[in-house]
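Residue-level structural notes
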There are 2 protein chains.
Amino acid sequence: MNDRIRAVALGNDPADLLLQNGRVVDVLTETIYEADVAIADGKIAGIGPRGSYSKAKQVLDVQGAYLAPGLINAHCHVESSMAAPESYVHEELRWGTTTLITDPHEIANVAGAEGIRYMLKAGGQMPINYYVELPSCVPATPFEHAGCVMDAAAMAELMHDEGVLGMGEMMNVPGVLYDDAEVHKKLDLFHSEKRAVDGHAPAVTGKELQAYAASGIDTDHEVMSWAEALEKLRAGLGVLVRQGSAARNLESIIKGVLASGIDVQNLAFCTDDKHLADMRKEGTIRYCVKLAVELGMSPVRALRIASINAAKLFGLRHVGAIVPGYDADIVVFNNLEDLEPLHVFWHGRDAWAEAAGIAPVEPAASLKGSVRPAAFSEETFAVSHFEAGKEYPVIRMLPGDVYTERESIRGENVAVELAAGELYLIAVLERHHGTGHVGLGLLRGYGLRKGAAATTVAHDSHNLIVIGTSPRDMLVAANELVRVQGGYTLVHEGQVVGTVPLNICGLMSSEAPEKLIVALEKIAEQAHAQGVPANIDPFISLSFMALPVIPRLKITDMGMFDVDRFEFVK
Amino acid sequence: MNDRIRAVALGNDPADLLLQNGRVVDVLTETIYEADVAIADGKIAGIGPRGSYSKAKQVLDVQGAYLAPGLINAHCHVESSMAAPESYVHEELRWGTTTLITDPHEIANVAGAEGIRYMLKAGGQMPINYYVELPSCVPATPFEHAGCVMDAAAMAELMHDEGVLGMGEMMNVPGVLYDDAEVHKKLDLFHSEKRAVDGHAPAVTGKELQAYAASGIDTDHEVMSWAEALEKLRAGLGVLVRQGSAARNLESIIKGVLASGIDVQNLAFCTDDKHLADMRKEGTIRYCVKLAVELGMSPVRALRIASINAAKLFGLRHVGAIVPGYDADIVVFNNLEDLEPLHVFWHGRDAWAEAAGIAPVEPAASLKGSVRPAAFSEETFAVSHFEAGKEYPVIRMLPGDVYTERESIRGENVAVELAAGELYLIAVLERHHGTGHVGLGLLRGYGLRKGAAATTVAHDSHNLIVIGTSPRDMLVAANELVRVQGGYTLVHEGQVVGTVPLNICGLMSSEAPEKLIVALEKIAEQAHAQGVPANIDPFISLSFMALPVIPRLKITDMGMFDVDRFEFVK
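Residues numbered from 1 in each chain as written. Chains lettered and ligands numbered in written order. Predicted model: local features only at pLDDT ≥ 70, side-chain atom pairs only at ≥ 80, totals over all residues. Heavy atoms only, no water.

What follows is about the overall build of chain A. A tally of regular secondary structure across chain A gives 18 helices and 27 strands. A globule of 570 residues ought to have a C-alpha radius of gyration of about 25 Å, and chain A, at 25 Å, matches this closely. Here the C-alpha coordinates of chain A stretch approximately 85 × 50 × 45 Å along the principal axes. The proportion of buried residues among the 570 residues of chain A is 64%. Considering only intrachain contacts with a sequence separation of at least 6, the fraction spanning at least 24 residues in chain A is 68%. Accessible area of chain A: about 18900 Å², with a carbon and sulfur share of 51%. One finds the centroid of the 48 positive side-chain charges in chain A at a distance of 2 Å from the centroid of its 74 negative side-chain charges. (Helix = DSSP H or I, 4+ residues; strand = E, 2+ residues; numbered from the N terminus. Rg over C-alpha atoms; globule rule 2.2 N^0.38 Å. Buried < 20%, exposed > 50% of the residue type's maximum accessible area, 1.4 Å probe, protein only. Contact = heavy atoms within 4.5 Å. Areas by Shrake-Rupley, 256 points an atom, 1.4 Å probe, with all protein chains shown as cover. Lys, Arg positive; Asp, Glu negative; His and termini not counted. Charge placed at Lys NZ, Arg CZ, Asp CG, Glu CD.)

Right, here's the structure in full:
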């Protein structure tokens, strides 16, 4: 800590910024007290009773507003917003987040180290603490072809890059439990440097949970219920309470916390996946705080979970509290019910003003040219692939759910049901390396009356998904996404109705957030107008049809996959 | 984490030890629940409902007793017990401490790196986590000659020794605040490796406290009052609530904590200085827990402060909680009121049995021959040093206090008051390097009717202190301590009445604890019999007369020192 900070703390030198007449939310004692805060060289130098500090280059009288530590999003996938990192950070800053712990799992599946480094550079230039947990499961499963394979050696090359904090969610639970050599090479790598290791253990319980925790996993954000939360906390895991756009676990966990009166030291808040429009409307971690307060938690405790708790779980020193020597990352809230940020400071600087002046990093050409399937044609999607007399599996899409059911159809009935609008062709085209792998299957329940839809956002390998009622429309849709190099598109009677280009790896858009939000809303409306029911998100639901870790029947570029049996359908 | 621990957690392999029918004190959630705990390779492998684990090489049915994490003494000076490290550890283990954060400040002042390495070796061989915070202030002040000078370079050489955790209490508050180069070299050294840095800031408040905290100090154990505790917690310092033999700060702080309802995350317990007899009678951290419970704190919260809180403050991972993957350091308490340990496990092993079988490390000859003053004689202590017509300062010793008052006397009255038993000669002889430095002064209030007392325990430089009514008896006392190479001695009419040798650096005894306790009690009784009043500890009070950082008048080998004016009396 330099001399100047001490001189400012002592009142001898002028502060860079003096916040006067604040109410400091002290998340270490869970108390609030009236104070002035003197800031120097990006650090909190001194805190004193009102009027105790007077010398400053800049003074801001906050007139009794609340000074809270900048909020920490303990686990998020920036790519899920579909906005570029800079735009994502803008939305986070808008609501008072000053530290992000991101897992660039999606872009890593497309572009590996190059994608991760782009995220670090683009996010890292913003006035926010932009940390990366290195994706541990690329590809997520051996049942699909992603753009990249990251083994322990590839992780070792990245782990000392600036901004890399620890290891991202370890989804391979069996690999952890039953001694998969490569999984444990990765764990050992991060444990050897005492780095944080994120977990991902949905519904893992009992002895398997004990073994998973004993393997040195630090956190879990896949907690759905209060009982699961308590068991995982007692197993020593930090529970990252998730409130995203789809997964909304906060209410059940926080209700349990309040009813039981347990200590909250190992809870933090996160979003995992949250869409841009939702972020803009309500914020991320600030929204978690607001919900917790509405459920009856004291604001200072909720803010504590949103700040110092996450900092401690991830070993971040000097972040997450308003105390001398810590980074001057401060949100000024109007009050603790509305939680409207009046100002957001990062390292003592006006984060909003600073963020506005930063030009986005230009993604490398390879990141903007990532949709490279082998040649395809109408024949690729032809009904003739389904032979009469044979039985074929059919994915039953369920409204508002990423789970599916497995149904079936006889080959001779495919054309009839397609024509009746009761069945869809669905194809997944490997799009990273031009291998020509194509999975072609059948799906019911999508609702589109005529035409086709396609997306390059396809968890987790992000191949090209095309769904439609006719091979011709599917061809148009697939061609359109190759033309724009990724995104969403909607086709009707051979014509493109609308496209939202996602030019960065087919996952994110360089477009300004307000325009992107409007474009995403418009194409969804168009799809609903073409018949997709209101309780199905036309494109996001599609993205999950290729995720072969969620039951029951899914499709990858390698074919139809029965998740229950954990094998391809022959 | 190795394969076997997972296999035990999964219930596939037999545990090394299975604790059945326990009540687990979960300090992470502050709850207690019934469970069995399976231990393998020194780690907690799995915790499950009663009966869930059955395979084990050894089973212990604890019959409903409480399983708490091993307690952590967050700051202690082993030397203050006057027992060798092995004996000290025995006493700590007796009451359930399994992690010690020690500051070998006393031995470092005598023997520097050699002394510290002896402590690391002797303590480190015991079944306890024996950590060292490297002493930061050797010598403690520039107003005395210690046995060693430890600068930043000397600390750098030691900081990577096994067992070295961080930096010990930084007592040089002005040096921190006003940019002393050597002090900041030391701070930078430990900050560069993100090590814990202990503070020492008695009564430091306001802007000075802000500047001290902003300098990257992590803890403070010198907190006397609740108001001071709250201010320091709000400044981000971990408050190590101290309950030693002399300084007893627990009640005022914990009462404030309970009345205010603040969060306790940054509180831990420590003893700082605690004598062997007190340790044996009541324990150290277990006694803190007991007192806190008696004051009204819930036992699980008090145990939390005594375990995981300290672990987190010092960055100790895998210590301080009963969760899978953590070290199997467990105390079995009969109940949570009496807090009598039934068993203490360290790394899954019976710590009591293991400790009993360990032979003490033999200190090097230099450590056992550390009392090496230059030649002295009766003349050294002669009354003739005080000239008629001159005014001399007199230390007024205050019962039960390490503070003193400053009085004075005219030279011509010295002999008369001495003869009347109202005044004492007090001398401090430099004893490390034979430099011949001697401070000779006067003191009132000790109570000894006739004779002399001497000690080589003399905070912080541990020179040889001799006090007496006659130069002749003082000579006998000084000679006796040179003969036995350190300790306590008491002289009456030219004869040694009793001696407690402290053969290790003149600070600690290799004697068995039970014998040492008896010997210390006996010599104190003898001194009281010779007139030292009951409210003055005959030797410990003496040790503080040479500590030139506590007001108001003290004496070092360089002369009488006025602490208020921070200068020697001319």
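Picking up after the structure, the text goes on.
A word on the pattern of salt bridges. Across all of its chains, the model carries 78 salt bridges over all chains by this definition. Between Asp272 of chain B and Arg242 of chain B there is a salt bridge, with its nearest N and O atoms 2.7 Å apart. Within this pair, whereas Asp272 of chain B is found in the loop between β13 (267–270) and α10 (276–282), its partner Arg242 of chain B is found in strand β12 (residues 238–242), the two being separated by 30 residues in sequence. Across the pair, exposure class does not vary: Asp272 of chain B and Arg242 of chain B are buried alike. Lys274 of chain B is paired through a salt bridge with Glu282 of chain B; the nearest N and O atoms lie 2.7 Å apart. In this pair, the class of Lys274 of chain B matches that of Glu282 of chain B, namely buried. Shared partners join several salt bridges into a network, and the residues in it are Arg4, Asp16, Asp41 and Lys57 of chain A. (Salt bridge = Lys/Arg side-chain N within 4 Å of Asp/Glu carboxyl O.)

Taken residue by residue, chain A gives an average pLDDT of 97. The fraction at 70 or more is 100%. Our summary of model confidence lists the complex with pTM equal to 0.96 and ipTM equal to 0.95. (pLDDT = per-residue confidence, 0-100.)

With that out of the way, let us pick up the sheet that holds strand β9 (residues 164–170) of chain B. All names here are of chain B. In spatial order, the strands read β6-β7-β8-β9-β10-β11-β12-β13; together these 8 strands make up an open sheet with parallel pairing. Every other strand in the sheet has two partners, leaving β6 (71–76) and β13 as the edge strands with one partner each. Direction of pairing for strand β8 (residues 129–134) relative to β9: parallel, over a ladder of 3 bridges. In the sheet register, Glu133 faces β9, and the bridge partner there is Gly166. Packing against the sheet, helix α6 (residues 181–191) makes contact with β8, β9 and β10 (197–199), and its axis sits at approximately 150 degrees to β9. (Pairing = 2+ DSSP bridges. Axes fitted to C-alpha atoms, helices over the stretch in contact; angles between N-to-C directions.)

The next point concerns the sheet that holds strand β27 (residues 567–568) of chain A. Adjacent strands of a sheet pair through backbone hydrogen bonds, lying either parallel or antiparallel. All names here are of chain A. Taken together, the 3 strands give an open sheet; going across it, the order is β25-β26-β27, and neighbouring strands pair in antiparallel fashion. Of all strands in the sheet, those with a lone pairing partner are β25 (553–556) and β27, marking the two edges. In the sheet, strand β26 (residues 559–562) pairs with β27 via 2 bridges, with the strands oriented antiparallel. Along β27, the bridge assignment pairs Asp562 with Glu567.

The subject of this paragraph is the relation of the copies chain A and chain B. Superposition of chain A onto chain B requires a rotation of 179 degrees combined with a translation of 0.0 Å along the rotation axis, giving an RMSD of 0.2 Å. Such a turn and shift between the copies fits a two-fold axis. Rotation axis and chain A: the residue whose C-alpha lies nearest the axis is Gln265 of chain A, separated from it by 3.7 Å. Taken together, the interface assignments show that 100% of the residues at the interface of chain A recur at the interface of chain B, consistent with an identical surface on both copies. (Least-squares fit on C-alpha atoms with pLDDT ≥ 70 in both.)

Turning to the environment of Glu405 of chain B, a few remarks are in order. Residues and elements named next belong to chain B. The residue Glu405 is located in strand β18 (residues 404–410) in this model. According to the relative accessible area criterion, Glu405 is partly exposed, its value standing at 33%. The sequence separation of Glu405 and Val183 amounts to 222 residues, and the corresponding C-alpha distance is 30 Å.

Further remarks concern the nonpolar core. In a soluble, globular protein the nonpolar side chains are often hidden away together inside. If you look at the biggest cluster of nonpolar residues, it comprises 165 residues, and the most contacted ones within it are Tyr118, Phe269, Tyr446 and Tyr488 of chain B. If one sorts the elements of this core by residue count, helix α3 (residues 105–124) of chain B sits on top with 9 residues. The residues touching Tyr118 of chain B, leaving out its near neighbours within four places in the chain, are Ala84, Pro85, Glu86, Ile107, Val361, Pro363, Leu367, Ile504 and Met508 of chain B. Leu28, Ala122 and Ile465 of chain A together with Leu18 of chain B belong to the second-largest nonpolar core, a separate cluster that totals 158 residues. (Core = buried A, V, L, I, M, F, W, Y, C linked by side-chain atoms within 4.5 Å.)

One frequently used descriptor of interface size is the decrease in accessible area upon assembly of the parts. Contacts between the two partners involve 52 residues from chain A and, on the opposite side, 52 residues from chain B. Together, the buried faces of chain A and chain B total about 4300 Å²; carbon and sulfur atoms form 50% of this surface. Ionic pairing is found between Asp179 of chain A and Arg6 of chain B, a salt bridge with its closest N-O pair at 2.8 Å. The set of elements that each furnish at least two residues to the side of chain A that touches chain B consists of α1 (3–9), β2 (31–40), β3 (43–48), α5 (173–177), α7 (206–214), α8 (226–234) and α13 (308–313) of chain A. (Buried area = accessible area lost by both parts, 1.4 Å probe.)

Here we take up the pairing of β18 of chain B. Residues and elements named next belong to chain B. By the bridge criterion, 7 bridges tie strand β17 (residues 391–397) to β18 in an arrangement that is antiparallel. The residue of β18 that forms the bridge with Ile395 is Arg406. Linking β17 back to β18 in an antiparallel pair, the connection comprises 6 residues, with Gly400 at a positive phi of about 65 degrees.

The next thing to look at is the side chain of Lys232 of chain B. All names here are of chain B. Turning to its location among the elements, Lys232 is positioned in helix α8 (residues 226–234). Judged by relative accessible area, Lys232 falls into the buried class, the value being 0%. Ignoring any residue separated from it by four or fewer positions in sequence, one finds Lys232 in contact with Ala201, Pro202, Ala203, Val204, Leu209, Asp220, Glu222, Val223, Leu237 and Val239.

Summed over the entire model, instances satisfying the criterion amount to 18 aromatic pairs over all chains. By way of ring pairs, the aromatic residues Phe143, Phe561, Phe566 and Phe568 of chain A are connected into one cluster. The lysine or arginine in question, Lys207 of chain A, covers the ring of Tyr53 of chain B, its NZ or CZ lying 4.9 Å from the ring centre. (Phe/Tyr/Trp six-rings, centres within 6.5 Å; stacked < 30°, edge-to-face > 60°. Lys NZ or Arg CZ within 6 Å of the ring centre and 35° of its normal.)

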